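Examining the three-dimensional arrangement
Single-letter residue listing:
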Amino acid sequence: MERPFMTPEYFSLRPEVENAYGYTHAVKLGHDIKISGAVSMDENGNPTAVGDFEQQMKNCYADLDTILKHYGCTFDDVVVENIFTTNMALFLEHAAYRNTIYTTHFPTGSWLGVTELAVPEFMIEIELEVYKPEYSSNDAP
């Protein structure tokens, strides 16, 4: 069975930062959306909430929420969530915050302890995969 051609729809949350580092924050292809790892940064790419794990986590989810809304999605549409952290003990201490994000069901995914992220002050990075079976006619591939 031949798959229909679909044009990727790219979305940059912070275009200047993404261009400087060479990535795009999200891309939608058909009903699938891949979202690059969100970290706690300001509009210029500088780390925020340095040393405050819980606030960094909240900042990541706020950015992810902005991206999901761009595509007409919510956290209910997330099917994979991968979390990378430089401090697994702190993540586990604050993991219950995810109950305020995922109120219907939890996605699949992995929690990975890493020695470092892109910038030393980043303590957590969260990437998502989304599946949205129905889009408005303006969003259809």
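A brief look at the structure comes next. Note that residues are indexed from 1 along each chain, following the sequence as it is written. Since the coordinates come from a predicted model, pLDDT governs what is reported: local features require at least 70, and pairs of side-chain atoms require 80 or more to be given and counted, while whole-chain, interface and lining totals use all residues. The side-chain quantities take in all heavy atoms of the structure and omit both hydrogens and water.

1. Re the packing of aromatic side chains
Classification of ring pairs uses Phe, Tyr and Trp, with its six-membered ring standing for Trp, and accepts pairs whose centres are within 6.5 Å; under 30 degrees between planes counts as stacked, over 60 as edge-to-face, and the remaining range as tilted. Evaluated as defined, the whole model comprises six aromatic pairs. On the basis of an interplanar angle of 85° and a centroid distance of 5.6 Å, the ring pair of Phe-75 and Tyr-102 is categorised as edge-to-face. A residue pair is termed long-range when its members are at least 10 positions apart, and Phe-75 in the loop between helix 2 (53-70) and strand 4 (78-85) and Tyr-102 in the loop between helix 4 (98-101) and strand 5 (111-113) qualify at 27 residues. We call a residue buried when its accessible area falls under 20% of the maximum for its residue type, exposed when it is over 50%, and partly exposed in between, using a 1.4 Å probe and counting protein chains only. By relative accessible area, which is 8% here, Phe-75 ends up buried. Both rings, one in Phe-91 and one in Trp-111, keep their centres 4.6 Å apart while their planes meet at 80°; by these two values the pair is edge-to-face. Here Phe-91 is found in helix 3 (residues 88-94), whereas its partner Trp-111 is found in strand 5, with 20 residues between them in sequence. In this structure Phe-91 comes out as buried when scored by relative accessible area, which is 0%. Relative accessible area serves as the criterion here: at 38%, Trp-111 is assigned to the partly exposed category. Taken together through their ring pairs, the aromatic side chains of Tyr-61, Phe-75, Tyr-97, Tyr-102 and Phe-106 make up a single cluster. Comment: elements are numbered from the N terminus, with helices defined as DSSP H or I runs of at least four residues and strands as E runs of at least two.

2. Concerning the pairing of strand 3 (residues 32-38)
Two strands are said to pair when DSSP picks up at least two bridges between them. Looking at chain direction, strand 2 (residues 26-29) and strand 3 are connected through four bridges and run antiparallel. Bridging from a neighbouring strand, Lys-28 pairs with Ile-33 of strand 3. Here strand 2 folds back onto strand 3 in antiparallel fashion, the turn holding two residues, of which Gly-30 has a positive phi close to 65°.

3. Brief notes about helix 2
With 18 residues, helix 2 extends 26 Å between its outermost C-alpha atoms, agreeing within 8% with the 26 Å of an ideal straight helix rising 1.5 Å per residue. Turning to helix 2, its buried residues are Phe-53, Gln-56, Met-57, Asn-59, Cys-60, Tyr-61, Asp-63, Leu-64, Ile-67 and Leu-68. A positive backbone phi angle near 75° is found at Gly-72, which sits one or two residues after helix 2. Each helix should span, by expectation, one fewer than its residue count multiplied by 1.5 Å.

In short, the description is geometric, and any link to function would need to be established separately.
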